[in-house]
Amino acid sequence: MSQVRIPEVDEAMRSFAEKVFASEVKDEEIRQEISPFDVEEVCPISRQEMRAYMMLQESSATAEKRKKRLLRVNTIALAVPVAQKSITRLSTIDEVISTSPLYQTVPDFQRVQITGDYASGVTVEDFEVVCKGLYRALCIREKYMHQSVQRFPRTTSQYLRAIEGKVWRASDTGPVFTPPVKDGQDPFETENVAEDLGYHVQMKDGVVYIYGDKAAVGRNEPKDLPYPSLERFVDDMNFLLAVIAQGPVKTYTHRRLKFLSFKFQVHEMLNEMEEMKELKNNPHRDFYNCRKVDTHIHAAACMNQKHLLRFIKKSYCVDADRVVYDAKGKQLTLKQLFQQLGLHPYDLTVDSLDVHAGQQTFQRFDKFNDKYNPVGASELRDLYLKTENAINGEYFATIIKEVGSDLEDAKYQHVEPRLSIYGRSAEEWPKLASWFKKHRVYSPNMKWMIQVPRIYDVFRSKNFLPHFGKMLENIFVPVFEATVNPQAHKELSIFLRHITGFDSVDDESKHSGHMFSTKSPKPEQWTSEKNPSYTYYVYYMYANILVLNNLRRQRGMNTFLFRPHCGEAGAITHLLAAFMTADNISHGLNLKKSPVLQYLYFLAQIPIAMSPLSNNSLFLEYAKNPLPDFHQKGLMVSLSTDDPMQFHYTKEPLMEEYAIAAQVFKLSTCDMCEIARNSVLQCGLSHEEKAKFLGENYQEEGPQGNDIRKTNVAQIRMAYRYETWCYELNLIAEGLKTD
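Keep in mind it's a predicted model, so treat the numbers as computed, not measured.

### Notes on the overall build of the protein
Consideration 1: When helices and strands are counted, the protein shows 31 helices and 15 strands.
Consideration 2: Here the protein, with 739 residues, has 59% of them falling under the buried criterion.
Consideration 3: Of the contacts formed within the protein by residues at least 6 apart in sequence, a portion of 75% connects residues at least 24 apart.
Consideration 4: Taken as a whole, the protein presents about 30200 Å² of accessible surface, with 50% of it coming from carbon and sulfur.

### Thoughts on the packing of helix α28 (residues 669–682) against helix α31 (residues 715–735)
Consideration 1: One way to put it is that α28 packs onto α31 with a least axis distance of 11 Å and a crossing angle of 65°. For the pair α28 and α31, the sense of crossing is right-handed. Contacts between α28 and α31 involve Cys-670, Asp-671, Glu-674 and Arg-677 from the former and Arg-717, Met-718 and Arg-721 from the latter.
Consideration 2: Looking at the contact of α28 with α31, its residues break down into two nonpolar, no polar and five charged.

### Section: the pattern of salt bridges
Consideration 1: Evaluated as defined, the whole model comprises 29 salt bridges.
Consideration 2: Asp-671 is the partner of Arg-717 in a salt bridge, and the nearest nitrogen-oxygen pair spans 2.7 Å. Of the two residues, Arg-717 sits in helix α31 while Asp-671 sits in helix α28, which places them 46 residues apart along the sequence.
Consideration 3: The class for Arg-717 is buried, based on a relative accessible area of 0%.
Consideration 4: On the basis of relative accessible area, Asp-671 is assigned to the buried category, the value being 2%.

### Some points on the packing of helix α19 (residues 468–484) against helix α21 (residues 534–554)
Consideration 1: Running from amino to carboxyl end, α19 crosses α21 at an angle of 15°, the nearest separation of the two axes being 11 Å. Here α19 lies roughly parallel to α21, going by the angle between them. Handedness of the α19/α21 crossing: right-handed. The residues of α21 that touch α19, namely those facing Phe-468, Met-471, Leu-472, Phe-476, Val-479, Phe-480, Thr-483 and Val-484, are Tyr-536, Tyr-537, Tyr-540, Met-541, Asn-544, Ile-545, Val-547, Leu-548, Leu-551 and Arg-552.
Consideration 2: In the contact of α19 with α21, the residues fall into 15 nonpolar, two polar and one charged.

### Quick look at the pairing of strand β3 (residues 200–204)
Put simply, side chains in a regular strand alternate between the two faces of the sheet.
Consideration 1: Sheet topology note: the β3/strand β4 (residues 207–211) ladder contains five bridges and is antiparallel. Looking across to β4, one finds that Lys-204 is bridged to Val-207.
Consideration 2: In this structure, the hairpin formed by β3 and β4 is closed by a connection of two residues, where Asp-205 is found at a positive phi of approximately 55°.

### Considering the packing of aromatic side chains
Consideration 1: Counted under the stated rule, the structure contains 36 aromatic pairs.
Consideration 2: Each ring, one from Tyr-144 and one from Phe-233, has its centre 5.7 Å from the other, and the planes form 85°; the classification is edge-to-face. Residue Tyr-144 is found in helix α6 (residues 124–147), and its partner Phe-233 is found in helix α9 (residues 230–245); the two are separated by 89 residues along the sequence.
Consideration 3: Look at Tyr-144 and you get buried, because its relative accessible area is 4%.
Consideration 4: Take Phe-233: its relative accessible area is 1%, and that puts it in the buried class.
Consideration 5: An aromatic cluster is present here, built from Tyr-144, Phe-233, Tyr-456, Phe-468, Phe-516, Trp-526, Tyr-536, Tyr-537, Tyr-539, Tyr-540 and Tyr-542 joined pairwise through their rings.

### Brief notes about the nonpolar core
Consideration 1: With 184 residues, the main nonpolar core has Tyr-384, Ile-450, Phe-495 and Tyr-601 as its most contacted residues.
Consideration 2: Sort the elements by how many residues they give to this core and α21 lands first, with 14 residues.
Consideration 3: Filtering out sequence-adjacent residues up to four positions away, Tyr-384 remains in contact with Leu-308, Phe-311, Ile-312, Ser-315, Leu-334, Phe-338, Tyr-395, Phe-396 and Ile-399.
Consideration 4: If you look at the next biggest cluster of nonpolar residues, it comprises 10 residues, including Val-293, Leu-681, Leu-685 and Tyr-698.

### Quick look at the sheet that holds strand β12 (residues 565–566)
Consideration 1: Reading across from one edge, β12-β13-β14-β15 is the order of the four strands in this open sheet, with parallel pairing throughout. Strands with a single pairing partner mark the edges of an open sheet, and in this sheet they are β12 and β15 (637–639).
Consideration 2: As defined by bridge partners, strand β14 (residues 608–610) adjoins β15 across three bridges and the pair is classed as parallel. The partner of Ile-608 across the bridge, within β15, is Val-637.

### Points about the sheet that holds strand β8 (residues 413–420)
Consideration 1: Strand order in the open sheet formed by five strands is β5-β8-β9-β10-β11, with parallel pairing between adjacent strands. Strand pairing shows two members of the sheet lacking a second neighbour, β5 (292–298) and β11 (561–562), which therefore form its edges.
Consideration 2: Bridging between β8 and strand β9 (residues 448–453) involves three bridges; their strand directions are parallel. Bridge assignment links Arg-418 to a residue of β9, and that residue is Met-449.

### Some words on the side chain of His-439
Consideration 1: Within the secondary structure, His-439 is located in the loop between α17 (428–438) and β9.
Consideration 2: With residues near it in sequence (within four places) discarded, His-439 still touches Asn-392, Gly-393, Glu-394, Ala-397 and Lys-401.

### What to know about α28
Consideration 1: For α28, with 14 residues, the first-to-last C-alpha span of 20 Å sits near the 20 Å given by 1.5 Å per residue.
Consideration 2: In terms of burial, α28 is a largely internal element, 13 of the 14 residues being buried.

### A look at unusual backbone geometry
Consideration 1: Despite not being glycine, Asp-506 shows a phi value in the positive range, around 155°.
Consideration 2: Relative to the helices and strands, Asp-506 is located in the loop between β10 (499–505) and α21.
Consideration 3: Unusually for a residue other than glycine, Gln-605 sits at a positive phi of about 50°.

About the cut-offs
Residues numbered from 1 in each chain as written. Predicted model: local features only at pLDDT ≥ 70, side-chain atom pairs only at ≥ 80, totals over all residues. Heavy atoms only, no water. Helix = DSSP H or I, 4+ residues; strand = E, 2+ residues; numbered from the N terminus. Buried < 20%, exposed > 50% of the residue type's maximum accessible area, 1.4 Å probe, protein only. Contact = heavy atoms within 4.5 Å. Areas by Shrake-Rupley, 256 points an atom, 1.4 Å probe, with all protein chains shown as cover. Axes fitted to C-alpha atoms, helices over the stretch in contact; angles between N-to-C directions. Left-handed = near helix turned anticlockwise from the far one by under 90°. Nonpolar A, V, L, I, M, F, W, Y, C, P; charged D, E, K, R; others polar. Salt bridge = Lys/Arg side-chain N within 4 Å of Asp/Glu carboxyl O. Parallel < 35°, antiparallel > 145°, perpendicular 65-115°, else oblique. Pairing = 2+ DSSP bridges. Phe/Tyr/Trp six-rings, centres within 6.5 Å; stacked < 30°, edge-to-face > 60°. Core = buried A, V, L, I, M, F, W, Y, C linked by side-chain atoms within 4.5 Å. Expected span 1.5 Å × (residues − 1).

This is the structure in structure tokens:
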């Protein structure tokens, strides 16, 4: 097979992409016309005009091409890669079933097979253009994931290599997670901290560079590590912008997504009883005792409102005369603080606490943020929900440990709370690490993440920061220094072992107006009070995580995933930037507006942590949430709580989230267990823990990687998902074949 050659981004495509980007950035809040990335709900592709247009486009050569492709239809219907061998040929499903003993565990079920002209809906010429665009888009993501030591699915990689006519070989360049703490082992022990290297760390143009010593800085001789290229990134971004705005690509992907949705409905109708039979015959395991992870939750709101109220009352009973607050040099006891606020804890109720989001927060992110203040008092937020205060964050640590204790009692639930690093000061990291160790904030059911709020404009307006580059320095340089010289930063080095990823958070609907390009000011030159765009933030976070991960991997340390909030509101370009840089995302609601990006997220199986109850109070009514639609199509979705304090009522908010979704969206037991399995795959749990919770072969894709005894996901469902995914990937491979 000849190698496919995809043209580089030419000037015309770059110009087109910049126009598209500009139209998306300009007046995005008031624009009413259809976005260049959207397809109307009633798509005109099946109308008489389109059919007539397609007939006119057919030439004799095209007809001959179509005829050749029709001869190959039977072989592409259910072609899957054979993962056990490094080959360029793709096998049919019949060959896989007959030769793979692992596939024998899949019971017989009724497969949905489409025969005929699989390129219908677009002309053959357009189909080739579409396939080239989708192929290169997947190659771009694969490149950025491998460079930054993040994850990319093996199956998609196998198809990309088959398209190129190359041999696929398994790679071991994935992320490194800290192994679980063994029984009797201290999670905060500092004995096995690595030796110092004595390297010099310095930021240049918003990216941290590693030098052997200070003299190497002057010689411009950084250590041999992968460093990002802004020009290459912008070129790739422009290509993707052009692809997701192209008419034929939008039409094709819209049709494929519709097909995926209907195909799943037919599959359910034919095989629902067989799937249920599998689950009924599965001993011991059910939805309640299969592992599930809350993949998106903020530490400051990880408790429910009743838990917080109970803790406030308990702390008053025990510590009424304890000095807990420093008000401009005047120290206040807990009793005096409540007197100053005109409150008595005995009189407080969940209603007067007023931390729950409701109708008044819909489309009002500013009011939602105010809900973090109990009784509307920022003093109580500082005391109970912050790590830095007069009592060194003791109350906050105690609440988190109580939540962890509840999770350990429940056994089968895990959470990934986010702690904030703002970038206002370089001292934030050591202070947070000290808080973590001093209060021993550890639970085997918790994996920690760092969230970076996009609030540079707030700090700049108050003159806390001279420029955006200083904010990036404060966020990343301490982590690099703890990686290079861990003996000199023991507390931070130990803390980083418990961190699995970085998140970028804030209100996405805030309008920036800045168009990210090679002409954008460098971070040290960004001195205005205006906030940089979402893409600007994401690129520089990704760029530093890329260098950091490669350095930490060389040192045998754990690496970090980039998992930003994305697609909750704002421009479609946010989702495009995340497609290039993020291991997985939180929310992803706006994917429903771009069929091309939605289809790419499906092909690359990018995990999406969705929070319908949170969205219901902020941006989108529950019944309109795209979660069930994404799940039907085969996107890798998981359920998460976001902020239990604001949105949930019960002691088990994650179970509450699943229960409501199951009722409203009519999810089956198999659906819920599949979503739970997705959450474990998506999260930052270690390889050992995932093998224990999902089965030893969990890294294999398809039914081979599923252990029904642990996941309670029917093998029929896993086989359906895998074969459907392979079918779609193989369409692209067939479209790029040259005869």
